[in-house]
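Now for the letters of each chain:
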Amino acid sequence: MPTKGQPRYDTCWRKSRIAARILLREEAGKLTARDVALGRKLALDKSVTPRLIDQALYGFSGKQYRLAVARRKKA
Amino acid sequence: MDFQANNIAWRSPAGRRLDAFARSLPPEPKLDITVFGSTSIQLFVDEAFLSVDIDLFGSEESYDFLLDFVEAHGLTKAKAAYYIQVCDPYAFKSSADWRVRAVETELHGHLFRFVHPWDVLVSKLQRLEEKDLEAFKLVIAKTGHPTEHEFLLHLQKAVDLYRPKFDEESARGDMFANTRELWKILWNKEIDVRAAIIRPALARAVHDPEPPDPNLKTRLANLKLPDRQ
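An account of the accompanying structure is given in this report.

1. So, helix α8 (residues 175-187) of chain B
Residue and element names in this part refer to chain B.
- With 13 residues, α8 extends 17 Å from end C-alpha to end C-alpha; this agrees with the ideal 18 Å at 1.5 Å per step.
- Inspection of α8 places Met175, Asn178, Thr179 and Leu182 among the buried residues, and these make up the whole buried set. Taken around the axis of α8, the buried residues stretch over an arc of 100°, which confines them to a single face. Every exposed residue of α8 that faces more than 90 degrees away from the buried side is listed here: Ala177 and Lys184.
- The inward-facing, buried residues of α8 contact α5 (117-125), α6 (130-143), α7 (148-156) and α9 (193-204).
- Backbone geometry just after α8 places asparagine 188 at a positive phi near 55°.

Right, here's the structure in full:
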């Protein structure tokens, strides 16, 4: 567990998971103004990478996400 | 070849020597001993396959204990005609998953692990002296395996042995040259080691061949609020 008040070493993963959640809300048509602002901020953050967002998306949605990716590729 | 614990040739010279060795060990500490080299071939393939020693290693922690024990019981090269060679765990290099195929059995309260003969052959290929070549010929003659294709796939699991050696290791044999030599002798063929062994093995080892969607961050940057009806 990270110590309160101390810097964390997992911020890139945490931010990428937030980014992934925002993208999932975008797909569901449930974006809020706060999501849009935060998403744009995270898009500029170098520690938030497509690889980490992708991993988070897989983690959240598993098979469902893989099937959606396959559908998008087909389309 | 029936490579199972109930098929170990305990009446072979190596079997008898190992049994006596295990019986003479004190009950504590409980030892975990891996037997490699020609002994596995004698125990599982041909009792008549002779070797001058039994190569084995224990855990890092038991290394000194085993060395002292073998010395105290007169089982070293200096004192016994058929001796026990206690090796460092790093002395045995073979395919990455050799432990999966090894046979384990309890002997007088200690765990003995026997390396599969094919993995012994891989370790012998690093040296490939005349006696090592004889081991290949014997295993194939007695069991019909490994075939050329089987051994090709097996060597792919030992791809790291083909990496360049440290300067300090230069005395050891050349896996590239030895593999080519082996193919000529056993199968009367030339082999392209890189194409047949190294490249396929490296391709299989690629962790994640599918790159992530590169547009994820672009999508984040261009988020728009949904139209409210």
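2. Considering the interface of chain A and chain B
- On the side of chain B, 12 residues touch chain A, which itself brings 17 residues to the contact.
- Elements supplying a minimum of two residues to the side of chain A that touches chain B: α1 (11-27), α2 (33-44) and α3 (50-61) of chain A.
- Class assignment of the residues belonging to the side of chain A that touches chain B gives a composition of 10 nonpolar, two polar and five charged.

3. Quick look at the environment of glycine 59 of chain A
Residue and element names in this part refer to chain A.
- Position of glycine 59 among the secondary structure elements: in helix α3.
- A tally of 11 C-beta atoms within 10 Å means that glycine 59 is categorised as exposed.
- In this structure, the C-alpha to C-alpha distance between glycine 59 and arginine 17, residues 42 residues apart in sequence, is 9.2 Å.

Basis of the calculations
- Residues numbered from 1 in each chain as written.
- Chains lettered and ligands numbered in written order.
- Predicted model: local features only at pLDDT ≥ 70, side-chain atom pairs only at ≥ 80, totals over all residues.
- Helix = DSSP H or I, 4+ residues; strand = E, 2+ residues; numbered from the N terminus.
- Expected span 1.5 Å × (residues − 1).
- Buried ≥ 20, exposed ≤ 12 C-beta atoms within 10 Å, placed from the backbone.
- Arc of directions from axis to C-beta.
- Contact = placed C-beta atoms within 7 Å.
- Nonpolar A, V, L, I, M, F, W, Y, C, P; charged D, E, K, R; others polar.

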